[in-house]
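# A structural walkthrough
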Amino acid sequence: MNRSNIIREAFKRAGIKSDLAISNELGMEYKRLHCRRLNDVGSITLAELWLMQRHGAFTDEDLLEIVKEGGKE
């Protein structure tokens, strides 16, 4: 599973089912989340990852897969 799908699946477990709903939950502009961050997960800042962690249902394994260098996009 690619890293953007790991993020989406974690939010689905938290009951948030679309990129628009994720951006609303995070207070992040939709275009920034959908077009930039989820298309290039490596561009997510640490502050954004912490924000996602507070609102999403990331497991420890999810976090490791997201931050692992050379992850499949």
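Look above for the structure.
Read on for a plain summary of the structure. These numbers were taken from a predicted model, which means no experiment stands behind them.

Once that is clear, we can look at helix 4 (residues 46–55). Among all positions in helix 4, only E48, L49, L51 and M52 are buried. For helix 4, the angular spread of the buried residues around the axis is 160°, confining them to a single face. Across helix 4 from its buried face, at more than 90 degrees, point the exposed residues L46, A47, W50 and R54. If you follow the buried residues of helix 4, they end up packed against helix 1 (3–13), helix 2 (19–26), helix 3 (30–37) and helix 5 (60–67).

Ranked by size, the top nonpolar core spans 17 residues in total, and within it I7, F11, L26, L33, M52, F58 and I66 carry the most contacts. Counting only elements with at least two residues in this core, the list comes to helix 1, helix 2 and helix 4. Ranked by residues supplied to this core, first place goes to helix 1 with 4 residues. If sequence neighbours within four positions are ignored, L33 has contacts with D19, I22, S23, L26, M28, L38 and M52.

The next thing to look at is the packing of aromatic side chains. As enumerated under the stated definition, the model contains 1 aromatic pair in all. Plain terms: the ring middles of F11 and F58 are 6.0 Å apart, the flat faces sit at 85° to each other, and that makes the pair edge-to-face. With F11 in helix 1 and F58 in the loop between helix 4 and helix 5, the pair connects residues that are 47 residues apart, well separated along the chain.

Throughout the structure, instances matching the rule amount to 6 salt bridges. Between E48 and R32 there is a salt bridge, with its nearest N and O atoms 2.4 Å apart. With E48 in helix 4 and R32 in helix 3, this pair connects stretches of sequence that are 16 residues apart. Under the relative-accessibility criterion, E48 is labelled buried at 5%. By relative accessible area, R32 is classed as partly exposed at 33%. Each member of the salt-bridge network shares a partner with another, and the members are R32, R37 and E48.

Reading guide: rules and limits
Residues numbered from 1 in each chain as written. Predicted model: local features only at pLDDT ≥ 70, side-chain atom pairs only at ≥ 80, totals over all residues. Heavy atoms only, no water. Buried < 20%, exposed > 50% of the residue type's maximum accessible area, 1.4 Å probe, protein only. Helix = DSSP H or I, 4+ residues; strand = E, 2+ residues; numbered from the N terminus. Arc of directions from axis to C-beta. Contact = heavy atoms within 4.5 Å. Core = buried A, V, L, I, M, F, W, Y, C linked by side-chain atoms within 4.5 Å. Phe/Tyr/Trp six-rings, centres within 6.5 Å; stacked < 30°, edge-to-face > 60°. Salt bridge = Lys/Arg side-chain N within 4 Å of Asp/Glu carboxyl O.

Geometric values such as these leave the question of function open.
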